[in-house]
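Here are the chains, one letter per residue:
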Amino acid sequence: MEEKTVCPKCGSPLGAVETTKTGKQLQRCSAGKWNKETRSVDGCDYVKWLVVEPETLEEKCPKCGSALLLVTTRFGRKMKRCSTNKWDPATKTSSGCDYFAWLKATVEPLEKEACPKCGAPLVLMTTAGGKRLKKCSTNTWDRQTRTAVGCDFVQWL
Ligand SMILES: [Zn+2]
Ligand SMILES: [Zn+2]
Ligand SMILES: [Zn+2]
C-alpha cells in the first residue's frame, strides 16, 4: 500500500514516520515545528496517525480455539483478544467471542547475577508493555507510603 506523503492541509511533504512512547506511529507535516516555549506547533499542525495492524499470535483462544490477536491500546497497554471478536459501530455492540486478557508484567529471578550496588540477586522483569529491565530483588513497592523501598538498582534492557 502506497502511503500519501503530502500534507492535505498545506501540500508540504510529510516527515519521517515517528514512533511514540506508547508504540503509536505518526507522520508530522514538515511545514510545522514544535515550539518548546509556547508548547504548540508553529506553522502547519497536521499530524497523520498510522494504524498499527494487530499482530496475530500463535496462541489459540481458550474459549473458542480461534487465533488470538495482540492489540495495543491507545494508552500503550497490550492485550490479547480473540480474532473472531468484531466491533459494530452502527449498533455499538461487539459480536463473536468476547475473550480478552491483559498482558501482565512478569518477573523471573536471575540466579547468577548479583546487584552491582548491594550484591543481592537481580530479577528480570518484563513490563505489560513488553519492555525488559533488570532490577534488584530487594526493591519492592510500599503501598502504604506509595514509595519504592530497598535498593534502587534498575537497568533497562
Ligand atoms: Zn502541512
Ligand atoms: Zn475466542
Ligand atoms: Zn541492589
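Residues numbered from 1 in each chain as written. Chains lettered and ligands numbered in written order. Predicted model: local features only at pLDDT ≥ 70, side-chain atom pairs only at ≥ 80, totals over all residues.

Chemist: When you look at the overall build of the protein in this model, what are you seeing that I'm missing?
Modeler: Regarding its fold elements, the protein presents zero helices and 17 strands. Computed over its C-alpha atoms, the radius of gyration of the protein comes to 22 Å, more than 25% above the 15 Å expected for a compact globule of 157 residues. Reported as C-alpha extents along the three principal axes, the dimensions of the protein are approximately 60 × 50 × 30 Å. Every one of the 157 residues in the protein was classed for burial, and the buried ones make up 10%. Sequence-distant contacts, at least 24 apart, represent 24% of the contacts inside the protein between residues at least 6 apart. (Helix = DSSP H or I, 4+ residues; strand = E, 2+ residues; numbered from the N terminus. Rg over C-alpha atoms; globule rule 2.2 N^0.38 Å. Buried ≥ 20, exposed ≤ 12 C-beta atoms within 10 Å, placed from the backbone. Contact = placed C-beta atoms within 7 Å.)

Chemist: Where do I start with the sheet that holds strand β1 (residues 18-19) in this structure?
Modeler: In any sheet, the strands associate via hydrogen bonds between backbone groups, in a parallel or an antiparallel arrangement. Taken in spatial order, the three strands of this open sheet run β1-β2-β5, and their pairing is antiparallel. One side of each edge strand has no neighbouring strand; the edge strands of this open sheet are β1 and β5 (47-50). Inspection of the sheet shows β1 paired to strand β2 (residues 25-28) by two bridges, in the antiparallel sense. Along β2, the bridge assignment pairs T19 with Q25. (Pairing = 2+ DSSP bridges.)

Chemist: It is not clear to me how unusual backbone geometry should be interpreted in this structure. Could you clarify?
Modeler: For residues other than glycine, phi is negative in most cases, and the peptide bonds are mostly trans. Phi angles above zero are rare outside glycine, and R39 is one such case at about 50 degrees. As for its position among the elements, R39 is in the loop between β3 (32-35) and β4 (40-43).

Chemist: Hey, could you run me through the domain arrangement of the protein in this one?
Modeler: A common measure of how large an interface is: the accessible area buried when the components associate. Here the domain parsing of the protein yields domain 1 (1-52), domain 2 (55-102) and domain 3 (106-156). The centre of domain 2, based on its C-alpha atoms, is set 31 Å off from the matching centre of domain 3. (Domains from an automatic or database assignment.)

Chemist: Please clarify how the sheet that holds strand β13 (residues 121-126) should be interpreted in this entry.
Modeler: Read across the open sheet, the four strands follow the order β12-β13-β14-β17; overall the sheet is antiparallel. The open sheet terminates on both sides in strands that have one partner only, identified here as β12 (106-114) and β17 (154-156). Recorded for the sheet is a direction-independent mean angle of 25 degrees between the axes of neighbouring strands. Across six bridges, β12 lies against β13 in antiparallel orientation. Bridge pairing in β13 places V107 opposite M125. (Axes fitted to C-alpha atoms, helices over the stretch in contact; angles between N-to-C directions.)

Chemist: Sorry if this is basic, but what is going on with the environment of L26 here?
Modeler: With respect to the helices, strands and loops of the structure, L26 is situated in strand β2. Between the alpha carbons of L26 and V51 there is a distance of 8.7 Å; along the sequence they are 25 residues apart. In this structure L26 touches E18, T20, V47, K48, W49 and L50, once residues within four positions along its chain are discounted.

Chemist: Is there a simple way to think about the pairing of strand β7 (residues 67-72) in this case?
Modeler: Note on strand geometry: in a regular strand, side chains alternate between the two faces of the sheet. Two strands pair when backbone bridges link them, and strand β6 (residues 55-60) and β7 are joined in this way by three bridges, in the antiparallel orientation. Each residue of the ladder has a partner; that of E55, found in β7, is L70. Linking β6 back to β7 in an antiparallel pair, the connection comprises six residues, with G65 at a positive phi of about 85 degrees. Sheet analysis places β7 next to strand β8 (residues 78-82), joined by five bridges and oriented antiparallel. When the bridges of β8 are listed, L68 appears paired with C82.

Chemist: How do you make sense of the pairing of β13 when you look at a structure like this?
Modeler: The turn linking β12 back onto β13 is made up of six residues, and G119 within it adopts a positive phi angle of 85 degrees. As defined by bridge partners, β13 adjoins strand β14 (residues 132-136) across five bridges and the pair is classed as antiparallel. Looking across to β14, one finds that T126 is bridged to R132. Counting the residues in the hairpin turn of β13 and β14 gives five residues, including G130, whose phi is positive at 90 degrees.

Chemist: How do you make sense of the environment of D152 when you look at a structure like this?
Modeler: Its location among the elements puts D152 in the loop between β16 (147-149) and β17. Counting along the chain gives 12 residues from D152 to T140, while the straight-line C-alpha distance between them is 9.2 Å.

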